[in-house]
There are 2 protein chains.
Amino acid sequence: MKFSPLVDELIQSLKCLPGVGPKSAQRMAFQLLERDRKAGSKLADSLGKAMSEVGHCQSCRTFTEETYCPICVSTKRGHSSVICVVETPADVLAIEAGGHFSGRYFVLLGHLSPLDGVGPDELGLALLETHLASGEVTELILATNPTVEGDATAHYIADMAKNHELAVSRIAHGVPVGGELEYVDSTTLALSFNGRLPI
Amino acid sequence: MKFSPLVDELIQSLKCLPGVGPKSAQRMAFQLLERDRKAGSKLADSLGKAMSEVGHCQSCRTFTEETYCPICVSTKRGHSSVICVVETPADVLAIEAGGHFSGRYFVLLGHLSPLDGVGPDELGLALLETHLASGEVTELILATNPTVEGDATAHYIADMAKNHELAVSRIAHGVPVGGELEYVDSTTLALSFNGRLPI
Ligand SMILES: [Zn+2]
Ligand SMILES: [Zn+2]
């Protein structure tokens, strides 16, 4: 016996959220229905609006509902000579939270993955090429993930950049500050030895 | 620097879901935006509809968008002589999943909690009283939670039922089947001794 079509549908739909299984979907639906319908309606509104109105910045490809994102329109950073290339908008947020980088970004929205049909086109590399060709950019920092695909993507872009006069670098990977050597995985440890600097 | 007003608002709104903090809210928002806008829009729809259209069954108070829930309108169960009283709609689902109970329910939508302003009115006890007074009901099973408040609520309702000719019972609490005695908490163990039956 079904409970109620609308409640069942809500529980089903909540399962599209990452990490939400049938049990938590039910708990979420009941909590909103029992205790917080106002917040539930607000979530429905912002979700609907975000899904239909949020697009990608025409310059850096991060999420925005405008033509250009706030960083790309800012007079300070929008035409910065330094571009940091990342895989996802979440990476932009993480770097912004650090507050040490004051250039602009280019968001690939993925990494090269031929088997999944993700090539240079899907990553917007033609758009990145127009930035490099504009003559505005003097430095390209490759901050893709330290994975096989992220490395391959970084190397592909570094090759692309060779046609332009640019400093190209890859962010350092190694033991995180505050991390204990003994708990760091061996790949990270190897990277941290390879990237050692004189003191 | 804010990311994008609509994305920020979506992340804020997602935090109304139980168990969702800032990090998972961000992960949910980005996953929907990057990979599954269709599912996100569907969730927005079902959420909006459920929040505004789902009400309570006029007979048993569980969630439904109709006047009466499917159990209460069913010819087999709607006028059953056995009513099981539970605290929440989730309890109804749990008991239905078991498939052993074929009577009808009465959902309190809470338990007596004078300090939070939850009294007999909030639990719909006047409606329960009309069911008891109808003469249709011969048995009342109290399945509120085995907590101080759940017990107090069960006793209150048992007192109420004394004015009618009814068998009133409380569901048994004890060691769960398949559970190991050694891992069962002491209160449950005490309940299971008090409720012992001859074999
Ligand atoms: Zn941008
Ligand atoms: Zn009902």
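Residue indices follow the written sequence of each chain, beginning from 1 at its first position. Here the convention is simple: chains get letters from A, ligands get numbers from 1, in the order in which they are written. Given that this is a predicted model, residues contribute local features only at a pLDDT of at least 70 and side-chain atom pairs are listed and counted only at 80 or more, while totals for whole chains, interfaces and linings are drawn from all residues. Heavy atoms throughout the structure, all of them, feed into the side-chain values; hydrogens and water do not.

Draft legend 1. Just the coordination of the zinc ion (ligand 2), in detail. Residue and element names in this part refer to chain B. All of the protein donors around the zinc ion (ligand 2) are Cys57 (SG), Cys60 (SG), Cys69 (SG) and Cys72 (SG); their distances to the metal are 2.3 to 2.4 Å. Any N, O or S atom lying within 2.8 Å of the metal counts as a donor, and for Na, K and Ca the limit rises to 3.2 Å; water is left out, so some sites can look incomplete. Site shape is set this way: if four donors have all angles between 85 and 135 degrees, tetrahedral; if opposite donors are over 155 degrees apart and all others between 65 and 115, square planar for four donors and octahedral for six; otherwise irregular. For the zinc ion (ligand 2), the four donor atoms are set out with angles of 105 to 119 degrees between them, so the coordination reads as tetrahedral. The sequence motif formed by the donor residues of the zinc ion (ligand 2) is C-x2-C-x8-C-x2-C. Throughout this description, buried means an accessible area under 20% of the type-specific maximum (1.4 Å probe, protein chains only), exposed means over 50%, and partly exposed covers the range between. For Cys69, a relative accessible area of 3% gives the class buried.

Draft legend 2. Quick peek at the nonpolar core. Of all hydrophobic cores here, the largest spans 72 residues; its most connected members are A:Leu14, A:Leu17, B:Leu14 and B:Leu17. Discounting chain neighbours no more than four positions away, the residues touching A:Leu14 are A:Val20, A:Ala25, A:Met28, A:Ala29, B:Leu17 and B:Leu43. As used in this record, nonpolar core signifies buried Ala, Val, Leu, Ile, Met, Phe, Trp, Tyr and Cys residues forming a set joined through side-chain atoms within 4.5 Å. Note on definitions: a residue-residue contact is assigned when non-hydrogen atoms from the two residues lie within 4.5 Å.

Draft legend 3. The arrangement of the UniProt feature "zinc finger region: C4-type" in chain A in detail. UniProt positions are given in the numbering used here, feature names are shortened, and annotations may be inferred rather than shown by experiment. Those residues carrying the UniProt feature "zinc finger region: C4-type" are residues 57-72 of chain A in this numbering. The numbering of helices and of strands both runs from the N terminus, where a helix is a DSSP run of H or I of at least 4 residues and a strand a run of E of at least 2. What you have in residues 57-72 of chain A is 19% helix and 12% strand, and the ends, taken at the C-alpha atoms, are 8 Å apart.

Draft legend 4. Just the interface of chain A and chain B, in detail. Chain A puts 51 residues into the contact, and the matching count from chain B is 51 residues. By convention, the term buried area covers the 1.4 Å-probe accessible surface removed from two parts as they join, with the contributions of both added. Summed over both partners, the interface of chain A with chain B buries about 5100 Å², with 74% contributed by carbon and sulfur atoms. Any carboxyl oxygen of Asp or Glu that lies within 4 Å of a side-chain nitrogen of Lys or Arg is treated as forming a salt bridge with it. One salt bridge in this structure joins A:Lys42 and B:Glu9, with 3.7 Å as the shortest N-O distance. Here a polar contact is recorded for every N or O atom pair within 3.5 Å, except that within protein the pair must consist of a potential hydrogen donor and a potential acceptor, and residues adjacent in sequence are included only if both atoms are side-chain atoms. For the pair chain A and chain B, the interface holds ten residue pairs in polar contact (both at pLDDT 80 or more). Of all the secondary structure elements, the ones that give two or more residues to the side of chain A that touches chain B are helix 1 (5-14), helix 2 (22-35), helix 3 (37-53), strand 2 (63-64), helix 4 (70-73) and helix 5 (89-98) of chain A.

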